Structure formats: structure tokens, C-alpha cells
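Spelled out, the chains give:
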Amino acid sequence: MAEPSTAELKEILAGLQALDYRRTYQQFYDFKPYARQQEFLKAGSSFSERLLIAGNQNGKTHVGGYEATCHLTGQYPSDWEGRRFDKPTRGWIAGETSLVVRDVQQKKLCGEPGVDAAFGTGMIPKDLFTDKPSLARGITDAYDTIQVRHASGGISVARFKSYEQGRQKFQGETLDWIWFDEEPPMDIYSEGLTRTAATHGIVFMTFTPLQGPTAVVNRFLDEPSPYRNVISMTIEDAEHITREEKDRLIASWPAHEREARAKGVPMLGSGRIFTAPEDSITEEAIGDVPPFWFKLGGLDFGIDHPFGYVLILWDKDADVIHVHHTYRVKNALPIQHADAIKKVAANVWVAWPNDGNVRRDDGKPMADHYKRHGVRMLSTHAAWPDGSISTEAGVLEMDEREKSGRLKYARHLADILGERRLYHRKDGQIVKMADDLLSALRVAIMMKPHAKQGPIGPNPSYAGTKGLAPVAEGVDFEMF
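Quick caveat, the model's predicted, so the values are computed rather than measured.

Asker: Tell me about the sheet that holds strand S6 (residues 177-181), and name the residues and values.
Answerer: Taken together, eight strands build an open sheet; the order of strands is S3-S4-S5-S2-S6-S7-S1-S8 and the sheet is mixed. In this open sheet, the two strands that pair with only one neighbour each are strand S3 (134-135) and strand S8 (228-233). With six bridges joining them, strand S1 (residues 49-54) and S8 adopt parallel strand pairing. When the bridges of S8 are listed, Leu-51 appears paired with Val-230. Packing of helix H3 (residues 60-73) onto the sheet brings it into contact with S1, strand S4 (143-149), strand S5 (155-162), S6 and strand S7 (202-207), and relative to S7 it is tilted by some 155°. Across the sheet, helix H5 (residues 186-197) touches S1, strand S2 (90-95), S6 and S7, and the angle it forms with S6 is around 160°.

Printed below as a string of C-alpha cells:
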């Protein structure tokens, strides 16, 4: 084999140097958000207020820094579905104290504080800084303002702020966006909203809810709004942490903080509805579904909120209900919902709530539209044997089943587990927010006597068939 020429060696060396430069000073271009992070970013296109409520070491600050960089540079990836600014932006980057902001957010965006050679090794590509950032007063190596070239040709500006400065320091400027990392006091959060009002801008937060049901947390969990969105992310969603390291981290945290730090569950105290430890109610996805188990779907129509569908498998002998598949979507039509249902359980009966009797503009009840599109809707709306439709009765049965090991959720079903973590009461009443899949599950459990045996899959003509398509992602199974 011939030795490489001098020109070829120079080309190889140049390639290695370019790769090293990209890894060191342009990590932004190679960042790939995890599924829950992607969902958080995408929500920016629909909501002006967002909260990623996550555990420690889950990557919440990383994705916050990534979004801030996108808005500063205007260099959105090709698959970006979130909020987009086509002009230079003005933003604030805020945290608990000036020292914490320097050591966390500034480091994440700009590189190690106080190390000249490390400037530009953060999320913002080094070549996009217009100059060295201006320094803040009082904290060594802390930045006050950064200027970044925007893809449109102008200059974006961002300032670092801390909650310890007080509300007055959050007044006066008109902004396109604000990133709060860790939970701000309510007065500062309110002031931040005011700063973005004139521009129809956005406010996004990333924090672990260690302070319990504060005013800011309650704003997202208790106050319905078409402008507000909350997404939970757990340590299980953090793909950069090994299983061994996850177990070590979880074991190292105090027991009373474990769910908040690992799963981003607010310390809701007596207001929390489902209190069984999550590890006790989750299981691996069931690959080989016994044909003699009973199957039933449940749905929540989503008339003024997302549509939800849940497929349950009922092992009647052991009286254990397995939540096998979920589907939740916003702003889709009944024909699209029906198609999604038939792809996973075309021959399974579906329970539905009493609002399916509400007539639409064409004069037909909502449930009829799903029947027309081939969904096997039960003949009447869900009800208990006595004819009641009590939500409390359904919640009680779900809670009792969880605590007795008779209700299990496939571990990969992050959407319904996320709803479960934040499901709570206020003043004794269930807060009906972000509960689309839980409502669908409750409806299915209410009508479980109507569950039938048989196979599941996308094809309605099953007799004697094999090789049915999977229901859970990545799971293949044969029914017979």
C-alpha cells in the first residue's frame, strides 16, 4: 500500500483540526435534543409561557442554553418546530444568584469563567461572538452583556440577571425572550412577562421543583391558559446517563427529595393524587400479549384540549390492568385520531365519555364521527354499573389498583406518566389540567366489563393470522 503524499497528509491534518475545532468551539451544531427536550422546544411555537419541570442532571439547563443560542444566532436546525425569530433578538438569561448564573448559564453558553482559552467553548459558537462580553460588577469573571451575530445579518443582545438583584433590576427593557433557569420568585416572573408583552415574545423556564407548590409552580399546574405549557422530564429520559449512574444518583438523594430530583415531581404534599412510587407501577413493555387477556381502548375527545387514547390489557385471572399504548395529539381531526387507533388496535372496542353525545355543527354526536371512520365505539358512553359517571370513583379505583400492584404502566409511556406526576387537588378538588390520557384510562377502567379477548393489531380481519404489527414502539409479537 502506497504511503500518503504530503498533500494527502496535509488534507487529513486539516480535516482533523476542523473536527477538533467543531467539537471545541461549535458544539451547538451537533446537539440533538432528547424526545422530551424536543417536545419542550416545539411547544414554543404555540405557547408564550413554558416550563420544563425536570429532575437534577436531566439536561434541562443544556436544552435551555440550546434554545437561547438558537434565538441569539437565528441558526435554527432544519427540523426546528419551535418559536423562530427572523431578526436579531434581545433576551435575558436569569438565575438565582450572580455567582450561580456565572457558573451555570454563563458557563453553558460561553465556556469556563475566568479561563481565556475556554472562551467560546460553550453552546454559542465562538466565531459568532462580535467581541469579548462586557463584565458585570461585583462578581469576578461574570458577564453582564453578550453580543452575537444573527443569521439575518444583525446583532443579538442578551444580558445576565439574577433574582437576588430584586424586581427593580427586571424592569425597563423590551425583550423578545427570557430564559429562567431555576425557579424565580413570582414578582420577578411577572415582571419578566411584562418585558415580553409588547413583542409577543416568549418566557421559558427550566428547573427542578424543590420548593413545592409555589406561586410559579401553581400558575402552571392550577391555572388553565391557552398560552401556558408545562412538560415534565425525568432521569429516565436523560439518555446521556448510564443505568448504573442513574441508580447511583437516585440512591444518593434524600428519600423525601428523591422524586423531585429524579423525576421533577413537585412536592405537592397532601394535594398529590397518585402517591404510589413510580418504580412500583411501571414495567417493561409487554412483547407477547396473551390472546386470552381482555383488551379495551378508552378515549378522551379533546373538544377544547388534546385528544387522548389509551389501550389497556386486562389479565382477568390476576385482576391486573396493563396500560400498553397511549396516543395524545392536539389540533387533529377525528379521521386522524381514528387512523392512529386502528393502526394499533383496529378490532378492539373503545370506551368513550358522555361528552361524546354532544352534537357537532353537522347535528351528529361526536361519537358517531369515530364510528363512521371505523373505530369500534361501544354503544353507550362510559358509566358505572349504577349509571353514574363519577370521576372520583374512577380515580379511587386507579389509586387502589396502583397501591395493590393491579395497575401497571409500560415504562416507555412518558406522556401518561408525566400527567400522573402532576395530577393533584387544590382546595380538595381535582385540578382538570393536562389529564387527557389519565381521563382516557379512567374511562377504560370504568368500562372494563366490556373488554373482549382477542388479538390486537392494525388489520381488522384477523382470523388465524400471524405476524401482527407491534403496538408499543420497537416491540414485535405474534398473537398465536
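Asker: Tell me about the packing of aromatic side chains, and name the residues and values.
Answerer: A complete count under the given rule lists 18 aromatic pairs for this structure. Plain terms: the ring middles of Phe-180 and Tyr-189 are 5.8 Å apart, the flat faces sit at 50° to each other, and that makes the pair tilted. With respect to class, Phe-180 is no different from Tyr-189; both count as buried. What links up through ring pairs into an aromatic cluster is the set Phe-28, Tyr-29, Phe-31, Tyr-66, Tyr-76 and Trp-80. Over the face of the ring belonging to Phe-40 we find Arg-50, whose NZ or CZ atom lies 4.8 Å from the ring centre.

Asker: A description of the side chain of Glu-49 should follow, citing residues and the corresponding values.
Answerer: The residue Glu-49 is located in strand S1 in this model. Among the polar contacts made by the side chain of Glu-49, one reaches the side chain of Tyr-189 at a distance of 2.6 Å. In contact with Glu-49, not counting residues within four places along its chain, are Tyr-189, Leu-193, Val-203, Arg-219, Phe-220, Tyr-227, Arg-228 and Asn-229.

Asker: Can you explain the confidence of the model for the protein? Please cite residues and give values.
Answerer: Summarising the model, the protein shows a mean pLDDT of 87, and 90% of its residues fall at 70 or more. Per-residue pLDDT stays below 50 along residues 461-480; that stretch engages in 46 contacts with residues further than four places along the chain or on separate chains.

Asker: Outline the nonpolar core, listing residues and values.
Answerer: In a soluble, globular protein the nonpolar side chains are often hidden away together inside. Of all hydrophobic cores here, the largest spans 57 residues; its most connected members are Leu-299, Tyr-309, Met-377, Tyr-409, Ile-416 and Leu-441. In terms of residue count, helix H14 (residues 436-446) provides more of this core than any other element does, eight residues in total. Apart from residues lying up to four places away in sequence, Met-377 is in contact with Leu-299, Phe-301, Trp-349, Val-350, Trp-352, Ala-367, Tyr-370 and Lys-371. Counting residues in hydrophobic clusters, the runner-up holds 37 residues, among them Phe-47, Leu-128, Trp-179 and Ile-231.

Asker: Requested: an account of the pattern of salt bridges, with residues and values cited.
Answerer: Taken as a whole, this structure holds 32 salt bridges when the rule is applied. Among the salt bridges present, the one from Glu-278 reaches Arg-421, with a minimum N-O distance of 2.9 Å. Of this pair, Glu-278 sits in helix H9 (residues 278-281) while Arg-421 sits in helix H13 (residues 414-422), and the two are 143 residues apart along the sequence. Note that Asp-339 and Lys-343 form a salt bridge whose closest N and O atoms lie 3.3 Å from each other. Linking Asp-339 with Lys-343, this pair stays in helix H10 (residues 334-345), spanning four residues, or about one helical turn. Its relative accessible area of 36% is what places Asp-339 among the partly exposed residues. Among the charged side chains, a network of salt bridges with common partners joins Arg-36, Glu-39, Arg-328, Asp-415 and Glu-419.

Asker: Which residues make up H13, and what are the values?
Answerer: Counting buried residues in H13 gives seven out of nine residues, a clear majority hidden from the surface. Of all the positions in H13, only Ile-416, Leu-417, Gly-418, Glu-419, Arg-420, Arg-421 and Leu-422 are classed as buried.

Asker: Run through the side chain of Ser-439, naming residues and quoting values.
Answerer: Relative to the elements of secondary structure, Ser-439 occurs in helix H14. Taking relative accessible area as the criterion, Ser-439 reaches 5% and is therefore assigned buried. Residues in contact with Ser-439, not counting those within four places in the same chain, are Asp-300 and Lys-432.

Asker: Quick one: what's the story with the packing of H13 against H14, residue by residue and with numbers?
Answerer: Relative to each other, H13 and H14 sit at 95°, their axes nearing to 8 Å. Taken together, the axes of H13 and H14 lie roughly perpendicular to each other. Listed contacts from H14 to Asp-415, Ile-416, Glu-419 and Arg-420 of H13 are Asp-436, Leu-437, Leu-438 and Leu-441. Grouping the constituent residues of the contact of H13 with H14 by class yields four nonpolar, no polar and four charged.

Asker: An account of helix H2 (residues 35-42) is requested, with residue identities and associated values reported.
Answerer: Those residues of H2 that sit buried are Arg-36, Gln-37, Phe-40 and Leu-41. Each buried residue of H2 sits inside an arc of 140° when the element is viewed along its axis, so together they form one side. Those residues of H2 hidden inside the fold are in contact with S1, H3, S7, S8 and H13.

The rules behind the values
Residues numbered from 1 in each chain as written. Predicted model: local features only at pLDDT ≥ 70, side-chain atom pairs only at ≥ 80, totals over all residues. Heavy atoms only, no water. Pairing = 2+ DSSP bridges. Helix = DSSP H or I, 4+ residues; strand = E, 2+ residues; numbered from the N terminus. Contact = heavy atoms within 4.5 Å. Axes fitted to C-alpha atoms, helices over the stretch in contact; angles between N-to-C directions. Phe/Tyr/Trp six-rings, centres within 6.5 Å; stacked < 30°, edge-to-face > 60°. Buried < 20%, exposed > 50% of the residue type's maximum accessible area, 1.4 Å probe, protein only. Lys NZ or Arg CZ within 6 Å of the ring centre and 35° of its normal. Polar contact = N/O pair within 3.5 Å; in protein donor to acceptor, adjacent residues only side chain to side chain. pLDDT = per-residue confidence, 0-100. Core = buried A, V, L, I, M, F, W, Y, C linked by side-chain atoms within 4.5 Å. Salt bridge = Lys/Arg side-chain N within 4 Å of Asp/Glu carboxyl O. Parallel < 35°, antiparallel > 145°, perpendicular 65-115°, else oblique. Nonpolar A, V, L, I, M, F, W, Y, C, P; charged D, E, K, R; others polar. Arc of directions from axis to C-beta.

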